[in-house]
Each structure stands twice: as structure tokens, then as C-alpha cells.
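Coordinate analysis (summary)
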Amino acid sequence: KNGVVISAVDLIRGIGVYAGLTPIIVDGATGLYDTNYEGKTEAAINALKGDCDFVFLHIEASDEAGHEGDMDLKIRTIEYLDKRVLAPIVNALSSINEPVTIAVLPDHPTPCRIRTHTATPVPFLIYRKGMEADDVITYNEVSATNGSYGNLTGVEFINQLFEN
């Protein structure tokens, strides 16, 4: 198995390299709201269409908006993630003949009201083509906890992510 890490954050890229992932550097990628979303997305799709088994795509923008305490910016960066990253990746899945699993989650919460990281459990979603959805229709901390996965530890999450 082989994989790549796509991140503008040196720490994340370094963790990826340490885990055996090959870094992909994207021009215009920053750890801020003005990052090159489309470039990161294109790099991820190209890796998936190539011989890559795993893509770790990291986008820091909403975390930074939380540090700034800017709720409007945080909402906008999450909307960018949805429209400029997730939608194109999901659309590209139709041309990939291998099974693909997508996980969406933050690495930690950064609430705007306190402007720093917390240890609160994070919401996540796992998508596989043909997978039956649960009843959760809103992606947030409370709704995700009520989903079919409930709260998982890190190891439990990884086991679910890589389950066939």
C-alpha cells in the first residue's frame, strides 16, 4: 500500500512522511482561508486515479478561523470545503474503478468563542459507495454522536475507516 499527504502545514506533512506517506506540495497552498482549494483537490483526485491507495488531504482554514474567533469566516471555510473539495472529489469517484472510502473530520475542535483547541470529540463521516446511510442529516458534533458510529476512540475510528 502507498499513500500521499497533501498539506500546507509542516507538522501535518511531517507526520505524514513519518507514517510513510509521500508529500505532495501544491502551489498556492496555505494554512489559511485563501489556500488553493482547487489545487489540493486536483492533487488528491490525481493521486486517487493513479497508483495511490491512500490520500491524506489536510485543510487548515477552518481551524485558523476558529483561532481568529471569526465565526463568519469559519462558516465560509467549511462551505469552501464542501463546494470546492468534497463535491469535486465525490464527482470524480464515478471515473475511479476501485472502491474508495472517504472520511471527513477535523483533527480537533477550535471553537470561535474560546479561540483555542479543545479535547472535545470531533464529528466525522465515513462514506463508501453503496454504503447505507444512517438517519443523521446534519454534520455537527451533536448529530454525529447520534449516528450509527456514536463516539469512537482513534483506534476504533481507524478500524472502521479501513474496514472492507
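In case you missed it, the structure is sitting above this.
Since the model is a prediction, treat every value here as computed from it, not as a measurement. Here the residue numbering is sequential within each chain, running from 1 through the sequence in written order. Side-chain atom pairs in this predicted model are given and counted only at pLDDT of 80 or more, local residue features only at pLDDT of at least 70, and totals for whole chains, interfaces and linings cover all residues. Only hydrogens and water are set aside when side-chain values are computed; all heavy atoms of the structure are taken into account.

**A few points about the sheet that holds strand β3 (residues 54-57)**
Note: strands within a sheet are paired through backbone hydrogen bonds, in either parallel or antiparallel orientation. Criterion used throughout: strands pair if DSSP finds at least two bridges between them. Numbering goes from the N terminus for both helices and strands, where a helix is a DSSP run of H or I of at least four residues and a strand is a run of E of at least two. Strands sit in the order β2-β1-β3 across an open sheet of 3 strands; the sheet is parallel. Strand pairing shows two members of the sheet lacking a second neighbour, β2 (22-24) and β3, which therefore form its edges. With strand direction ignored, the average angle separating the axes of adjacent strands in the sheet is 25°. Here strand β1 (residues 3-6) runs beside β3; their pairing, made up of 4 bridges, is parallel. Considered in β3, the bridge of I6 is made with L57. Contacting β1, β2 and β3, helix α1 (residues 10-18) crosses the sheet at an angle of about 170° to β1. Helix axes are fitted only over the stretch in contact, all axes being lines through C-alpha atoms; the angle between N-to-C directions runs from 0 to 180 degrees. The contact criterion used is simple: two residues touch if any of their non-hydrogen atoms lie within 4.5 Å.

**Description of the packing of aromatic side chains**
A pair of aromatic rings is counted whenever rings of Phe, Tyr or Trp (Trp by its six-membered ring) have centres within 6.5 Å, and the orientation is called stacked for planes under 30 degrees apart, edge-to-face for over 60 and tilted otherwise. Evaluation of the coordinates by the stated rule reveals 4 aromatic pairs. Relative to Y80, the ring of Y37 lies with its centre 5.4 Å away and its plane at 70°, an arrangement referred to as edge-to-face. You can see Y37 sitting in helix α2 (residues 37-49) and its partner Y80 sitting in helix α4 (residues 71-92), a full 43 residues away along the chain. Using a 1.4 Å probe on the protein chains alone, a residue whose accessible area is under 20% of its type maximum counts as buried, one over 50% counts as exposed, and one in between counts as partly exposed. With a relative accessible area of 25%, Y80 lands in the partly exposed category. Seen from their ring centres, F54 and F162 are 5.8 Å apart, and the 35° between their planes marks the pair as tilted.

**Focus on the pattern of salt bridges**
The term salt bridge refers to a side-chain nitrogen of Lys or Arg lying within 4 Å of a carboxyl oxygen of Asp or Glu. The tally for this structure, following the rule as stated, stands at 2 salt bridges. Two residues, D10 and R13, come together in a salt bridge whose shortest N-O distance is 3.1 Å. One end of the pair, D10, and the other, R13, are both in helix α1, 3 residues apart, so they sit about a helical turn from each other. Judged by its relative accessible area of 57%, D10 falls in the exposed class. Across the pair R84 and E38 runs a salt bridge whose closest N-O atoms are separated by 2.7 Å. With R84 in helix α4 and E38 in helix α2, this residue pair connects regions lying 46 residues apart in the sequence. You can call E38 partly exposed: its relative accessible area is 41%.

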